[in-house]
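# Analysis of the macromolecular model
Residues per chain, in single letters:
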Amino acid sequence: MMVATVTVFGATGNQGGAVCRALLRHADQFMVRAVTRNKNSDKAKQLALKGAQVVESDCNDTRSLTEALRGSNACFVVTATDFSDSQCQQKETNQGKNIADACQKMGVEHVVFSTQLNVMKVCGILARHMVAKADTEEYMKDIGLPLTCVIVPYYYENFLTNTGKPQKESNNTYTLAIPMGTLSFDMVSVDDVGEIVVNIFLQKSQYLNKTLSLCGDKLTIREIANVFTKHFWPKQFKDKQVC
């Protein structure tokens, strides 16, 4: 069986890292090329120890992107948003387009892209990271890349970070300040994203030119708080009802 070379962008991030780890568990079928801005970082070194080929590339440098993709059969792409930059939406879109152009130039046979809905068009909300990914997806389709898109929701792991970590109100009371009101929202484990992407690569003909919206669970913030209370009692968790 031929071993396919899969290049993974964002390899030291949440999604890219999960995809790398999942692909490495299938070493008989995939050779993993992990793309990072700094191959001397701790996360990059860990991937190298597990068997990945780690390469440096700059998403603003088309030549380095072309070299990173040389000889690749497939590619996973997730772009990053630098919210500290007022021009982050346009810069992220440009980087996504650069990767798309490099994939086309190097004849990559299957691209899996982590996209989002264009919420500006859908409901008039400017979520810059989502619009940038939606615009990149549109460009990838316009230039005819062999494409599968995945829409990745909120990570369960976010509850362990500053993004969604419960805030302590008193000795045994914590609140979840996530602005969803009474609406339920989709969640998934980031490690599951890696396994899903592996299956997409393994079943290219089934998933080519399709978009998959991923979901491991769909709960309201109050329901999530109840789950936490059940498992961490006597600590109690409540929905802060942020609008």
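Residues numbered from 1 in each chain as written. Predicted model: local features only at pLDDT ≥ 70, side-chain atom pairs only at ≥ 80, totals over all residues. Heavy atoms only, no water.

Read across the open sheet, the three strands follow the order S8-S9-S13; overall the sheet is mixed. Of all strands in the sheet, those with a lone pairing partner are strand S8 (167-170) and strand S13 (236-239), marking the two edges. On average, each strand axis in the sheet is inclined to that of its neighbour by 35°, with strand direction left out of account. As judged from the four bridges shared by strand S9 (residues 173-176) and S13, these two strands associate in the parallel manner. Bridge pairing links Leu-176 to Asp-239 in S13. The strands that helix H9 (residues 221-232) touches are S9 and S13; relative to S13, the one it contacts most, it runs at about 175°. (Pairing = 2+ DSSP bridges. Helix = DSSP H or I, 4+ residues; strand = E, 2+ residues; numbered from the N terminus. Axes fitted to C-alpha atoms, helices over the stretch in contact; angles between N-to-C directions. Contact = heavy atoms within 4.5 Å.)

As paired elements, S8 and S9 share three bridges and run antiparallel to each other. By the bridge assignment, Ser-170 is partnered in S9 with Thr-173. Between S8 and S9, which follow one another and run antiparallel, lie two residues.

Here the focus is the side chain of Asn-158. Residue placement: Asn-158 occurs in the loop between strand S7 (154-155) and S8. Using a relative accessible area of 12% as the deciding quantity, one classes Asn-158 as buried. (Buried < 20%, exposed > 50% of the residue type's maximum accessible area, 1.4 Å probe, protein only.)

With that settled, the discussion passes to the packing of aromatic side chains. Enumeration over the complete set of coordinates arrives at eight aromatic pairs. Ring geometry for Phe-232 against Phe-237: centres 6.0 Å apart, planes inclined by 55°, an arrangement best described as tilted. Of the residues examined, Phe-237 reaches a relative accessible area of 10% and is grouped as buried. An aromatic cluster is built from Tyr-154, Phe-159, Tyr-174, Phe-185, Phe-228, Phe-232 and Phe-237, whose rings are joined through pairwise contacts. (Phe/Tyr/Trp six-rings, centres within 6.5 Å; stacked < 30°, edge-to-face > 60°.)

Let's shift gears to the sheet that holds S7. Overall, mixed pairing links the three strands, which are arranged S7-S10-S12 in an open sheet. The sheet is open, and its two borders are formed by S7 and strand S12 (217-219), each paired with just one other strand. Two elements, S7 and strand S10 (residues 185-188), share two bridges in a ladder whose sense is parallel. Paired with Tyr-155 across the bridge in S10 is Val-188. This element, H9, spans S10 and S12 of the sheet and lies at about 105° to S12.

Below, the discussion takes up helix H4 (residues 88-105). With 18 residues, H4 should cover 26 Å at 1.5 Å per step; its first-to-last C-alpha distance of 26 Å lies within 8% of that length. Taken residue by residue, H4 has Cys-88, Glu-92, Thr-93, Gln-95, Gly-96, Asn-98, Ile-99, Ala-100, Ala-102 and Cys-103 as its buried positions. If you follow the buried residues of H4, they end up packed against helix H3 (62-69), strand S4 (74-77), strand S5 (110-115) and helix H6 (128-142). Downstream of H4 by one or two residues, Gly-107 has phi in the positive range, about 65°. (Expected span 1.5 Å × (residues − 1).)

These figures capture arrangement, not role.
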